[in-house]
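Listed below are the residues making up each chain.
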Amino acid sequence: MSIAGNIQGLYEGLPAGVKIVAVTKTRTTDEVLELYRAGHRIMGENRVQELISKREELPGDIEWHMVGHLQTNKVKYIAPFVGLIHSVDSAKLLNTVNKEALKNKRVIDVLLQVHIAREESKFGFSVEEVRELASNFSPGEYPGIRLRGLMGMATFTDDSEIVRDEFRYLALLFREVSEILGNDGRYFDELSMGMSGDYHIAVEEGSTVVRIGSLIFGQRG
Ligand SMILES: *Cc1c(COP(=O)(O)O)cnc(C)c1O
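Note that this is a predicted model, so its numbers are computed, not measured.

(A) Spatial organisation of the side chain of Asp-109. Residue placement: Asp-109 occurs in strand E5 (residues 108–115). There is a polar contact of 2.9 Å between the side chain of Asp-109 and the side chain of Arg-148. Apart from the residues lying within four places of it in its own chain, the contact partners of Asp-109 are Gly-83, Leu-84, Ile-85, Arg-146 and Arg-148.

So, in structure tokens, the structure goes:
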């Protein structure tokens, strides 16, 4: 299958309104261009350096998302252009994104990354931390950001029931946080969950944006 065929097949299988972030990490400029020529415009990277170099080499109308762990000292490099940061995983990072957005006279869309998987190593807020942040959230304190929703990664396992439970739990938290935020959550409408191996389940559980690499570009080497 070609890259163009893969993305078309993916869109055909998704409910209307679910967006695809094509995760381009480790892919060549030519591979990403092939996807671009097929009409796709939303790309994601998990490393700042790769995000910046790809953006320089590729057409200017691509919407670039940051999907991987972001260090506070690197926010300044992506703040001028990033379309959505999926991986805000601490209050400190949220503050830094706000500051860097203001320096660039921008408002940056962010998702809070929540730790839902069983693995210890993954980044993210705990469920309790997200509830607390939402309870104390006042948009006036963060004029440089728009809180757009939540992101989470399920446990890496073949057991689809574990994966489904984790996505369901995140979707519940998403609704709960939306209620906590009330009118302060008027932009809170995105739930980023699902990758190549588990996006079907994620979408069934309410995902609005899936982050797909391998199913578009093939297995990473
Ligand atoms: C690599 C990556 C993906 C995509 O993974 P695939 O299994 O190739 O679809 C999604 N989200 C994040 C955060 C990633 O780092």
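(B) Inspection of the side chain of Ser-196 at higher detail. Positionally, Ser-196 belongs in the loop between strand E7 (190–192) and helix H8 (199–204). Within the local environment of Ser-196, its side chain forms a polar contact with the backbone nitrogen of Leu-215, the two atoms lying 3.1 Å apart. Residues in contact with Ser-196, not counting those within four places in the same chain, are Arg-211, Ile-212, Gly-213, Ser-214 and Leu-215.

(C) A look at the site of the ligand. Taken together, the neighbourhood of the ligand is formed by Val-23, Lys-25, Asn-46, Val-67, Met-195, Ser-196, Arg-211, Ile-212, Gly-213, Ser-214 and Arg-220. Between the ligand and Lys-25, the relevant distance is 2.7 Å, taken from an oxygen atom to a side-chain nitrogen or oxygen of the residue. Across the complex, the protein chains shield 90% of the 390 Å² of accessible surface that the ligand would expose by itself. The residue makeup of the shell around the ligand, split by class, is four nonpolar, four polar and three charged.

(D) Representation of the pattern of salt bridges in the model. Summed over all chains, the structure comprises 14 salt bridges. The partner of Asp-109 in a salt bridge is Arg-146, with the nearest N and O atoms 2.9 Å apart. Here Asp-109 is found in strand E5, whereas its partner Arg-146 is found in strand E6 (residues 145–153), with 37 residues between them in sequence. A salt bridge links Arg-131 to Glu-176; the shortest N-O distance between them is 2.6 Å.

(E) How the structure looks around a negative patch on the surface. A cluster of acidic residues, Asp-158, Asp-159, Glu-161 and Asp-165, forms a negative patch at the surface. Within the element layout of this structure, Asp-158 appears in the loop between E6 and helix H7 (160–181).

(F) Up close: the environment of Ile-85. Following the sequence through the fold, Ile-85 ends up in strand E4 (residues 84–88). Spatially, the C-alpha atom of Ile-85 lies 8.8 Å from that of Leu-70, the residues being 15 residues apart in sequence. Residues in contact with Ile-85, not counting those within four places in the same chain, are Met-66, Leu-70, Ile-78, Val-97, Ile-108, Asp-109, Val-110 and Leu-111.

Calculation criteria
Residues numbered from 1 in each chain as written. Predicted model: local features only at pLDDT ≥ 70, side-chain atom pairs only at ≥ 80, totals over all residues. Heavy atoms only, no water. Helix = DSSP H or I, 4+ residues; strand = E, 2+ residues; numbered from the N terminus. Polar contact = N/O pair within 3.5 Å; in protein donor to acceptor, adjacent residues only side chain to side chain. Contact = heavy atoms within 4.5 Å. Near = heavy atom within 4 Å. Areas by Shrake-Rupley, 256 points an atom, 1.4 Å probe, with all protein chains shown as cover. Nonpolar A, V, L, I, M, F, W, Y, C, P; charged D, E, K, R; others polar. Salt bridge = Lys/Arg side-chain N within 4 Å of Asp/Glu carboxyl O. Patch = residues over 30% accessible without salt bridge, like charges linked within 9 Å, V, L, I, M, F, W, Y side chains within 5 Å. Lys, Arg positive; Asp, Glu negative; His and termini not counted. Charge placed at Lys NZ, Arg CZ, Asp CG, Glu CD.

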